[in-house]
Amino acid sequence: MAGRLAGKVALITGGASGIGEATAKLFAQEGAKVVIADVQTAKGKAVVTAIKAAGGEAAFIRANVAREGDAKRMVAFTVKRYGRLDILFNNAGVENPKPEVETSVAEWDRIMDVNVKGVFLGTKYAIPEMKKNGGGSIINTSSIFGLVGSPGFAAYHASKGAVRLLTKSTALAHAAENIRCNAICPGVIETPMFAEVLSAAPDPDRARAEWLATEPIGRFGRPDDIAYGALYLASDESSYVTGTELVIDGGYTAR
Ligand SMILES: NC(=O)c1ccc[n+]([C@@H]2O[C@H](COP(=O)([O-])OP(=O)(O)OC[C@H]3O[C@@H](n4cnc5c(N)ncnc54)[C@H](O)[C@@H]3O)[C@@H](O)[C@H]2O)c1
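Residues numbered from 1 in each chain as written. Predicted model: local features only at pLDDT ≥ 70, side-chain atom pairs only at ≥ 80, totals over all residues.

A turn of α-helix holds 3.6 residues, and therefore any two residues three or four places apart point the same way. Between the first and last C-alpha of helix 8 (residues 223–234) there are 16 Å, a value that for 12 residues agrees with the 16 Å anticipated at 1.5 Å per step. Residues of helix 8 that are buried include every one of Pro223, Ile226, Ala227, Gly229, Ala230, Leu231, Leu233 and Ala234, and no others. For helix 8, the elements touching its buried residues are strand 1 (9–13), helix 1 (18–29), strand 4 (87–90), strand 5 (136–141), strand 6 (179–186) and strand 7 (245–248). (Helix = DSSP H or I, 4+ residues; strand = E, 2+ residues; numbered from the N terminus. Expected span 1.5 Å × (residues − 1). Buried ≥ 20, exposed ≤ 12 C-beta atoms within 10 Å, placed from the backbone. Contact = placed C-beta atoms within 7 Å.)

Put into structure tokens, the structure is as follows:
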């Protein structure tokens with residue numbers, strides 16, 4: 001298949017929903033063979049079916065990115081199925097809107113396990129495979145909440161800030177091996193995660209209006225807005241880009 005990712009193999013965590021789903025579809029459309037790793041089996045398999053129906057190539061593996069054995073297995077599965085690994089999108093993530101005093105230790109640990117340890121583990125096991133191909137591209141999903149604070153989301157802010165610096169560390173450790181690592185900082189994107197944030201608010205309609213008022217561009221982001229950024233970072237078009245953040249936020253952090 002021709003395209004901006006022709007001949008490449010991509011592993012996308014959290015590919016069953018939202019940003020990961022849109023990216024999996026776009027990467028496949030651009031010629032990549034795509035492995036979706038997620039804890040949601042039915043949704044992940046449905047994305048694979050949709051990609052195949054559109055003429056692309058994809059496979060699903062159930063994996064919890066916070067578990068070392070699963071991270072190891074998703075990378076091994078990708079290489080066994082498609083022969084190599086060129087692109088890792090460490091995108092799986094979970095949120096929690098609570099401020100510090102309301103956050104339990106268990107909630108803190110869950111956010112850190114998925115959002116930070118998950119990125120570390122995916123990276124740890126992908127890099128040896130990328131080295132075999134003479135390079136690769138790792139994309140980590142941070143957030144505008146990894147760039148600026150808010151009066152809530154304590155663990156989430158901490159986790160996404162950690163992802164930004166882990167990204168720079170990975171970029172420097174592996175630049176000489178032609179393995180690039182960049183972060184994407186999405187703004188407020190309409191996905192099931194955002195729906196969950198709204199439904200946890202006392203008045204979801206009011207919360208939605210308040211979030212919308214934070215958007216300089218006057219609308220929420222769409223999963224495809226992020227997928228196109230990931231496509232650039234995954235492709236050879238960004239071969240001189242490493243250790244940085246691509247902020248896609250409708251102007252949220254321009255203030
Ligand atoms: N939606 C937003 O406004 C927004 C903004 C900034 C950053 N982000 C980040 O973007 C990423 C994708 O979020 P989304 O909005 O598409 O949410 P989403 O909930 O639609 O998708 C997240 C996916 O990750 C999967 N997942 C969760 N925990 C997992 C685990 N332990 N192992 C494997 N898979 C797991 C979920 O099953 C789901 O399919 C996340 O890292 C999120 O923090 C989202």
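So much for the structure itself; the text now carries on.
Contacts to the ligand come from 30 residues, most closely from Gly14, Ser17, Gly18, Gly93 and Met193. At the level of elements, helix 1, helix 4 (105–132) and helix 6 (192–199) are the ones that each hand at least two residues to the shell around the ligand. When the residues that make up the shell around the ligand are grouped by side-chain class, the tally is 15 nonpolar, 13 polar and 2 charged. (Near = placed C-beta within 6 Å. Nonpolar A, V, L, I, M, F, W, Y, C, P; charged D, E, K, R; others polar.)

Quick look at the nonpolar core now. Judged by nonpolar contacts, the single largest core of 69 residues is most densely connected at Ala10, Leu11, Phe27, Val34 and Ile36. Here this core gets 10 residues from one element, more than from any other, and that element is helix 4. (Core = buried A, V, L, I, M, F, W, Y, C linked by C-beta atoms within 7 Å.)

Turning our eyes to something else, we now look at unusual backbone geometry. Located in the positive-phi region is Phe153, a residue other than glycine, with phi close to 55°. Position of Phe153 among the secondary structure elements: in the loop between strand 5 and helix 5 (154–174). Positive phi is not limited to glycine here, since Asn178 has a value of about 65°. Within the secondary structure layout, Asn178 lies in the loop between helix 5 and strand 6. We classify Asn178 as partly exposed; it has 15 C-beta atoms within 10 Å.

The next subject is the packing of helix 3 (residues 68–82) against helix 4. At a closest axis distance of 9 Å, the pairing of helix 3 and helix 4 adopts a crossing angle of 35°. Here the hand of the crossing between helix 3 and helix 4 comes out right-handed. Counted together, Glu68, Ala71, Lys72, Val75 and Val79 of helix 3 and Leu121, Gly122, Tyr125, Ala126 and Glu129 of helix 4 form the full contact between these two elements. Of the residues belonging to the contact of helix 3 with helix 4, the class tally is 6 nonpolar, 1 polar and 3 charged. (Axes fitted to C-alpha atoms, helices over the stretch in contact; angles between N-to-C directions. Left-handed = near helix turned anticlockwise from the far one by under 90°.)

Read from one edge to the other, the open sheet built from 7 strands follows the order 3-2-1-4-5-6-7, with strand pairing classed as parallel. Only two strands of the sheet have a single partner each, and these edge strands are strand 3 (57–62) and strand 7. Pairs of neighbouring strands in the sheet enclose a mean axial angle of 20°, with direction left out of account. Here strand 6 pairs with strand 7 via 4 bridges, running parallel. What sits directly across from Ala183, in strand 7, is Glu245. Helix 1 contacts strand 1, strand 2 (33–38), strand 3, strand 4, strand 5 and strand 6 of the sheet and is inclined by roughly 170° relative to strand 1. The sheet strands contacting helix 2 (residues 41–53) are strand 2 and strand 3, and the helix crosses strand 3 at an angle near 170°. (Pairing = 2+ DSSP bridges.)

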